[in-house]
Amino acid sequence: MINSFKNQSEAAKMNMMLPTQWQIFKNYYDMIKEGGILRGFVNSTVITVICVLFLIILCSTMAFVLERRKTVLSRMVNMAVIFGLVLPLQIIPTYFVCNFLHLTHETAAVFVLIAANMSFTVFLYTGFIKSIPQEIDESAWIDGAGQTELFFRIIFPLLQPVTITAVIINFMAVWNDFGISIYFLNSAKNYTLPLTVYNFFGNHSSDWQLVFANVVLSTLPVAAVYLLLQKYIIPGMTSGAVKG
C-alpha cells in the first residue's frame, strides 16, 4: 500500500519508506484506466460466484451421502476425497485433457478450480455433519420427507456455520488463484483481477507504482468478505471435530 502511493522512481526501490510526494489518486486512476481492471473484476466475479455455488451444492450433498451411508462404496469415495487433500494438481496433463474434451478455456478453468477445491470442502462438511444427530433424518422420514426434501429443507439450514466457512475459504482460493488461471485464462480479455498485473509488464515494465496499486485493489474484495464473515470461520472449522 505504501508503494502504491509513490512515484515511479521511488516505487522501483521497493522499500518501506514513506513517499516524499504522495500520489494518492493518480496511480490508482492510471492503473484503472490502463490495466483492464473493470474487465478483470467482472471475470473474477463471474468465475468465483459460479465456482463457489457449485462447490457448496456439490460438496454439501456429497458429504451428507458419504456420512450417512455406511457402505463399501461410500468408504472408497471418502478415501478418494482424502487423497485429494494431499495429491498435487498436475496442471499440464489437466490442460491437455481439457483440450482433448474441447472445453473452452473459461469452462475448463471453472471445472479445474472446482475440482481443486472440492476435497477440502467435502472434508469440512463431513466433519460438521457428524455432529448432526441421525434421529433428525429418521423423524423427517416418518413425516414423509424424501431425500431431497430432507437435505435441503432440514439438514442444509443446520449447516450454516460450515457453509459460511466454505464460502469464505473457497472465495479466497478462487479469487486469488494464479497458477490455474494463468494456464487457462491466458489472454487479456479473459484475465481475472489478480492476472491483470501482467498488463503492467512489458509496455509498463518499470511502472511498479501501478503494479502495487493493482495488488492493493485486487485484495480489497477478499479482505471485505473476510472481515464481514470472519466470526463464522472458527465455529465452521471446529464444529464436529471432536465427535465421531
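Along each chain, residues carry numbers from 1 onward, in the same order as the chain's sequence is written. Reporting in this predicted model follows two pLDDT cut-offs: at least 70 for local features of residues, and 80 or more for side-chain atom pairs to be given and counted; totals over whole chains, interfaces and linings ignore these cut-offs and use all residues. To get the side-chain values, all heavy atoms of the structure are used, and hydrogens and water are removed first.

**A look at the packing of aromatic side chains**
Two aromatic rings are characterised by how far apart their centres lie and by the angle between their planes.
Right, so step 1: Each aromatic pair joins two rings of Phe, Tyr and Trp (for Trp, the six-membered one) with centres within 6.5 Å, and gets the label stacked for planes under 30 degrees apart, edge-to-face for over 60, and tilted for any other angle. All told, the structure shown has 11 aromatic pairs when counted by the stated rule.
Right, so step 2: Between the aromatic rings of Phe64 and Phe151, the centroid separation amounts to 5.3 Å while the plane-to-plane angle is 50°, which identifies the pairing as tilted. With Phe64 in helix H3 (residues 37-68) and Phe151 in helix H8 (residues 147-158), the pair connects residues that are 87 residues apart, well separated along the chain.
Right, so step 3: What links up through ring pairs into an aromatic cluster is the set Phe64, Phe151, Phe152 and Phe156. Helix and strand assignments come from DSSP, with helices taken as H or I runs of at least 4 residues and strands as E runs of at least 2, each series counted from the N terminus.

**Let's talk about the packing of helix H6 (residues 105-129) against helix H9 (residues 160-175)**
Right, so step 1: Whenever a helix is involved, its axis is fitted only over the stretch in contact; in every case the axis is a line through C-alpha atoms, and angles between N-to-C directions fall within 0 to 180 degrees. For the pair H6 and H9, the least separation of the axes is 10 Å and the interaxial angle reads 160°. By the criterion of interaxial angle, the relationship of H6 to H9 is roughly antiparallel. Where H6 crosses over H9, the handedness of that crossing is right-handed. On H9, the residues that touch Leu113, Asn117, Phe120, Thr121, Leu124, Tyr125 and Phe128 of H6 are Pro161, Val162, Thr163, Thr165, Ala166, Ile169, Asn170, Ala173 and Val174. Comment on the angle field: the value is read as roughly parallel under 35 degrees, roughly antiparallel over 145, roughly perpendicular from 65 to 115, and oblique elsewhere. The crossing is said to be left-handed when, going from far helix to near helix, the turn is anticlockwise and less than a right angle, and right-handed when the turn is clockwise. Should any heavy atoms of two residues lie within 4.5 Å, those residues are considered in contact.

**What about the confidence of the model for the protein?**
Right, so step 1: Confidence of the predictor at the level of single residues is captured by pLDDT, which takes values from 0 to 100. Looking at the protein, pLDDT values average 85 and 93% of them are 70 or higher.
Right, so step 2: Throughout residues 240-244 the model reports pLDDT below 50, and contacts reaching past four residues in sequence, or to other chains, amount to four contacts.

**Quick look at the pattern of salt bridges**
Right, so step 1: Should a side-chain nitrogen of Lys or Arg be within 4 Å of a carboxyl oxygen of Asp or Glu, the pair is scored as a salt bridge. Tallying each qualifying case throughout the model produces four salt bridges.
Right, so step 2: With a closest N to O distance of 2.9 Å, Asp30 and Lys26 form a salt bridge. Taken together, the positions of Asp30 and Lys26, both in helix H2 (residues 26-34) and four residues apart, correspond to about one turn of that helix.
Right, so step 3: For Asp30, a relative accessible area of 15% corresponds to the buried category.
Right, so step 4: Judged by its relative accessible area of 48%, Lys26 is partly exposed.
Right, so step 5: With its nearest N and O atoms 3.4 Å apart, the salt bridge here joins Lys70 to Glu67.
Right, so step 6: Among the residues examined, Lys70 registers a relative accessible area of 57% and is labelled exposed. Partly exposed residues are those whose accessible area sits between 20% and 50% of the maximum for their type, while under 20% is buried and over 50% is exposed, using a 1.4 Å probe and protein chains only.

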